[in-house]
Amino acid sequence: MSPPAAAEGTAVVDCAHCGLPVPGGDPAVEAPQFCCNGCRAVYDMLRGAGLGDFYTLRARMGEAPAGIAADRPTEVYARYDDPAFAERFVRDAGAAREVELHVDGVHCTACVWVMDQLPRVVPGVEQARLDFGRQRLWLRWDPARVELSNVAGFLHGIGYASRPLGAEADAARRRADRGELIRMAAMLAVAGNVMLLSFALYAGAFSGMEPRFVRFFEWLSLILALPAITWGALPFYRGAWAGLKLRVAHIDLPIALGVLASFTASAINTVRGSGEVYFDSVTALVALLLVGRFIQNRGQRAAMNRAELLSALTPDVVRRREGADWVRVGIDDVVEGDVLRVEADETLPADGVVQRGGGHVDQRLLTGESRPVAARPGDRVYAGTACVGGHLELRVEAAGAGSRLGRLIELIDRADGQRAPIVRTADRLSGWFVAAVLALAAAGGVGWAIVDPTRAFDVVVALLVVSCPCALGMATPVALAVARKRAADAGIVMSSTAAVERLAGIERVWFDKTGTLTEGRMAVAGAWVPHALRAAVGALERRSSHPIGRAIAAWAAEGASDAEIEAVALTEVEEIAGRGIQARLGDGRRLFVGAVGDAAGPFEPQLRAALARGQSPVAVRIDGRLVGALALGDRLRPGAREAIDALRAEGVAVGVLSGDHPAVARAVGEALGIGDARGGQSPEAKAAVLAETGGAMVGDGFNDAPALRAADVGLAVHGGAEVALQVADVYLSRPDPAAVAAALVGARRAMTVVRRGLGVSLVYNAVFAHLALMGLISPLVAAILMPLSSISVIAHAVAAPSFRRTSARWVGPCLRNVTIGMIGP
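Residues numbered from 1 in each chain as written. Predicted model: local features only at pLDDT ≥ 70, side-chain atom pairs only at ≥ 80, totals over all residues. Heavy atoms only, no water.

> What am I meant to see in the overall build of the protein chain here?
Along the backbone of the protein chain there are 31 helices and 26 strands. Buried residues in the protein chain amount to 55% of all 825 residues. Accessible area of the protein chain: about 34,600 Å², with a carbon and sulfur share of 56%. (Helix = DSSP H or I, 4+ residues; strand = E, 2+ residues; numbered from the N terminus. Buried < 20%, exposed > 50% of the residue type's maximum accessible area, 1.4 Å probe, protein only. Areas by Shrake-Rupley, 256 points an atom, 1.4 Å probe, with all protein chains shown as cover.)

Structural data, given as structure tokens:
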């Protein structure tokens, strides 16, 4: 929380570190004054490390304090406030606005932590999430309080240049990658040359060397080390500087201090002509840190980005009409208005309207519908679906990211920004650990200065480097990312890493009945409907997407011709979620087919017998009067009982929430050994139960949408990914209760891997920090051990079992790579 402002009419004293007002500050006092003890500690630490020029340089560069910089207009980013920019890149979110930006300068997981502080230090910024793997920052801000250009200017001031997504951002990323490789190669060359000079000095120490040659080699080493200290270590300085401006302990801070301290000591000894020099250790340290960070970053950026996923789900080359010819062009060249041709067994490249031709389209990717649907001239078709018969000529309405498939991928992509609570805990733990390391380094430096001053710098530098909590910051996000990918290989698509943690903690699971515990392929087992209404009932149920509706439509088609059914005039068709479907007939009467309610009227004996057999009763009403009834049956899914038993073995309570008749729900519950089976539950009632009891909800992603939203974790089955991922946290490609058990068990294994990784990281840092403090590790060895710790954490996450691969269907090959898009915390 910011310090209180000074009272009106009194002189304001600015904090010597952050520039904010000092409560009770005295203008007559010439000594530095501080707004809090934290600023005083950082100020003293920088002065003590010989970094007092930090404040002089900041004043010379005109840097504003962290809490004020966002209020100053930034000419470089003025175009961010242009209406044309907003129309292309900015989304409205009520009174707030949202944007995604590509951010340069993101080189470790601690940068994610820095970005988390934006809402705290920049007034008007409401939320900020950084996707480390793709270097994308998602921002939500209040335009009435701060302009986007000011936010971008503030980010630029702490070392993070930004640009909008698109070709410009991709080109910038490629340039940054090349620059990273050049920096690493140059520093390896510098370290190698300084090492050669050091070998000469070490040999001279044993065999004797004239002082003038010793001085020559030391000065030459200093000159060669300058690029490593100034340019090579620049990423670490930027990270430390960004953390200081945001008043957080960035994990680059101990590295920057260690590098600067060891170089400063070596330079002083070179100028004085006496004492040890550490140029070989410093240059090797910088080079090895760059190599280790390069390996970490490439490992975490192995996920497919959004453009690569679109390429995987749509063809790279399409046939476009140009005059009278069909010409093959790249998918990136397709624009609105083009006419494309799609042959049988090919994937549609864009959203559009069929102009000529005809056939059937497999829409399982988007809708979950297992049966191909007819596509005729005038019908709308979508990218990512497959033409399974005939051929189509379509006029493009949307392509690429603007298509329905592109929006689905964007939905998953944005969900990747949701960080698991345990990731945020690990971030906070890293911050505390950095503060502890700095305090320990200060105490160790003082102690060794008393015991053996010649070794003090080596000990402090080794401690600062080997204790870098990179492994601590990586253990959790990497393990969760690996778990999500393995879950997708098993046909279990997690919308975010946060879903993995929440699912692992579930102690109660509620199942919808139809399509989850049962097969969802209903069939009419008994019918008491006047023949005159059979065609009307069939016509109405053809408008329904529910399995019961399809079963009734199939029954109606057995006793009435297609011509009779098609001849029925229906208006005001309305499907009531969880209740049924109704419409107005041509003669003005209102036809309803759906839930029976409390009164079964003259059909009560038949429906009681059907209920005793576990069948579902359906009422047929004309203007509210019961005129007919049907009974439908649905078989239990094979293996449902075993899956329920597996959940119980994990200590999970199981219940049923069904919109079906209570007797049917009870019959299914008895067959599966589930005592708490509740029927007659509307979507609102299901949501209320979940809000009261908590736990996970397993449903179909449509009728159960409110309950899936209200649950701690929503698991959607038997529907398309588009609907499921809008309302649920987890999408199961197999409508099988066994997949629910596999998801929960896999999530618990994944969290065990996470906790083990955190434990290994903490033990590693504690052990080697103590060894460094005892003087048993040199700075060079510390530079080797630091990246090895991160690599070991990644290896542990990859090798440890979590989700086991099963016979995943389309989700496995199509969406599994999406789920590892946010690698960083």
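> Explanation requested: the sheet that holds strand 17 (residues 570-576) in the structure shown.
In a beta sheet, neighbouring strands pair by backbone hydrogen bonds and run either parallel or antiparallel. Pairing is antiparallel in the open sheet, where six strands are placed in the order 16-21-20-19-18-17. This sheet does not close on itself; its edge strands, each paired only once, are strand 16 (523-528) and strand 17. Between one strand axis and the next, the sheet turns by 20 degrees as a mean value, whatever way the strands run. Relative to strand 19 (residues 590-594), strand 18 (residues 580-585) is paired through five bridges, and the arrangement is antiparallel. Along strand 19, the bridge assignment pairs Ile 581 with Val 593. Of the strands in this sheet, strand 17, strand 18, strand 19, strand 20 (616-622) and strand 21 (625-633) are in contact with helix 20 (residues 531-541), which crosses strand 19 at around 70 degrees. Across the face of the sheet, helix 23 (residues 604-612) comes into contact with strand 16, strand 20 and strand 21 while running at roughly 20 degrees to strand 21. (Pairing = 2+ DSSP bridges. Axes fitted to C-alpha atoms, helices over the stretch in contact; angles between N-to-C directions. Contact = heavy atoms within 4.5 Å.)

> For this particular structure, what's the right way to read the pattern of salt bridges?
Side-chain pairs of opposite charge can arise where the charged atoms are in close proximity. This model, assessed by the stated rule, comprises 22 salt bridges. One salt bridge connects Arg 320 with Asp 338, and the closest N-O pair in it is separated by 3.2 Å. Here the residue Arg 320 occupies a position in strand 6 (residues 317-322), and Asp 338 occupies one in the loop between strand 7 (325-330) and strand 8 (339-342), the gap between them amounting to 18 residues. Among the residues examined, Arg 320 registers a relative accessible area of 15% and is labelled buried. The salt bridge involving Arg 380 is made with Glu 397; its shortest N-O contact spans 3.0 Å. One end of the pair, Arg 380, is in strand 12 (residues 380-381); the other, Glu 397, is in strand 13 (residues 386-399), with 17 residues separating them in the sequence. The partly exposed category is assigned to Arg 380, whose relative accessible area is 45%. On the basis of relative accessible area, Glu 397 is assigned to the partly exposed category, the value being 35%. Salt bridges sharing common partners tie together Arg 321, Arg 341, Glu 343 and Glu 393. (Salt bridge = Lys/Arg side-chain N within 4 Å of Asp/Glu carboxyl O.)

> Just to check I follow, could you spell out the pairing of strand 15 (residues 508-511) for this structure?
Regular strands place side chains that alternate from one sheet face to the opposite one. Pairing geometry for strand 15 and strand 22 (residues 653-657), over four bridges, is parallel. Note that in strand 22 the partner of Arg 508 across the bridge is Ala 653. Pairing analysis gives three bridges linking strand 15 to strand 24 (residues 696-699), with the strands arranged parallel. Across the sheet, the residue bridging to Trp 510 is Met 697, located in strand 24.

> Before we go on, may I ask you to explain helix 26 (residues 683-693) in this structure?
Given 3.6 residues per turn, any residue in an α-helix points the same way as the ones three and four places further on. Looking at helix 26, one finds that the buried residues are Pro 683, Lys 686, Ala 687, Val 689 and Leu 690. End-on view of helix 26: buried residues confined to an arc of 160 degrees, all on one side of the axis. Exposed positions of helix 26 whose direction lies more than 90 degrees from the buried face are Glu 684, Ala 691 and Glu 692. Positive backbone phi, approximately 70 degrees, marks Gly 694, located one or two places after helix 26. (Arc of directions from axis to C-beta.)

> Where do I start with a nonpolar patch on the surface in this structure?
Together, Leu 196, Phe 199, Tyr 202 and Phe 206 give the surface a local cluster of nonpolar side chains, amounting to about 530 Å² of exposed area. Mapped onto the elements, Tyr 202 comes out in helix 7 (residues 167-207). The exposure class assigned to Tyr 202 is partly exposed, which follows from its relative accessible area of 43%. (Patch = residues over 30% accessible without salt bridge, like charges linked within 9 Å, V, L, I, M, F, W, Y side chains within 5 Å.)

> Any chance you could explain the environment of Arg 608 here in plain terms?
Along the chain, Arg 608 falls in helix 23. Through-space distance from the C-alpha of Arg 608 to that of Ala 631 is 10.0 Å; in sequence the pair is 23 residues apart.

> Before we go on, may I ask you to explain helix 24 (residues 640-649) in this structure?
Along helix 24, the positions that sit buried rather than exposed are Ala 640, Ala 643, Ile 644 and Leu 647. For helix 24, the arc enclosing every buried residue in end-on projection is 100 degrees, short of the 170-degree limit, so these residues lie on one face. Turned more than 90 degrees from where helix 24 packs its buried face, Glu 642 and Ala 649 sit exposed. Turning to helix 24, the residues buried within the fold contact strand 15, helix 19 (513-517), strand 22, helix 25 (662-672) and helix 29 (737-773). Count one or two residues on from helix 24 and you reach Gly 651, which has phi positive near 80 degrees.

> How should I be thinking about the packing of aromatic side chains in this particular structure?
The geometry of an aromatic ring pair is captured by the separation of the ring centres together with the interplanar angle, meaning the angle of the planes. If you walk through the whole model with that rule in mind, you get three aromatic pairs. Above the face of the Trp 555 ring, Arg 534 is positioned so that its terminal group lies 4.1 Å from the ring centre. (Phe/Tyr/Trp six-rings, centres within 6.5 Å; stacked < 30°, edge-to-face > 60°. Lys NZ or Arg CZ within 6 Å of the ring centre and 35° of its normal.)

> What is the right way to look at the sheet that holds strand 24 in this model?
An order of 14-26-25-24-15-22-23 is seen for the seven strands of this open sheet, with the pairing classed as mixed. The sheet terminates laterally at strand 14 (492-494) and strand 23 (676-678), the two strands that pair on one side only. Mean inter-strand twist for the sheet, computed between neighbouring axes without regard to direction, equals 20 degrees. Pairing between strand 25 (residues 713-716) and strand 26 (residues 730-732): two bridges, direction parallel. Bridge pairing links Ala 716 to Tyr 731 in strand 26.

> It is not clear to me how the nonpolar core should be interpreted in this structure. Could you clarify?
When a protein is soluble and globular, its nonpolar side chains tend to lie buried together. One finds Met 187, Val 259, Phe 263, Phe 279 and Leu 464 to be the most contacted residues of the largest nonpolar core, which totals 50 residues. In contact with Phe 279, not counting residues within four places along its chain, are Val 194, Glu 218, Ser 221, Leu 222, Ala 225, Phe 263, Ser 266, Ala 267 and Thr 270. Ala 483, Ala 487, Val 717 and Leu 744 belong to the second-largest nonpolar core, a separate cluster that totals 48 residues. (Core = buried A, V, L, I, M, F, W, Y, C linked by side-chain atoms within 4.5 Å.)

> How do you make sense of unusual backbone geometry when you look at a structure like this?
Excluding glycine, residues mostly carry a negative phi; peptide bonds, for their part, are mostly trans. Phi at Glu 572 is positive, roughly 55 degrees, even though this residue is not glycine. Examined against the element boundaries, Glu 572 turns out to sit in strand 17. You can call Glu 572 partly exposed: its relative accessible area is 49%. Its identity as a non-glycine residue notwithstanding, Asp 623 has a phi of 50 degrees, on the positive side. Of note, Asp 623 is situated in the loop between strand 20 and strand 21.

> What is the right way to read the side chain of Gln 33 from this model?
Inspection of the secondary structure assignment puts Gln 33 in the segment before helix 1 (37-48). For Gln 33, the contacting residues outside a window of four places in its chain are Val 13, Asp 14, Cys 15, Ala 16, Val 22, Gly 25 and Asp 26.

> Looking at this structure, I do not really get the packing of helix 24 against helix 29. What am I missing?
Two measures define how a pair of helices packs: the angle their axes make with one another and the distance between the axes. Look at helix 24 against helix 29: their axes get within 8 Å of each other, and the N-to-C directions meet at 20 degrees. The orientation of helix 24 with respect to helix 29, classified from their angle, is roughly parallel. Crossing angle aside, the handedness with which helix 24 passes helix 29 is left-handed. Where helix 24 approaches helix 29, its residues Ala 640, Ala 643, Ala 646 and Leu 647 are matched on the opposing element by Pro 737, Ala 738, Val 740 and Ala 741. (Parallel < 35°, antiparallel > 145°, perpendicular 65-115°, else oblique. Left-handed = near helix turned anticlockwise from the far one by under 90°.)

Function-wise, these values are silent; they only describe arrangement.
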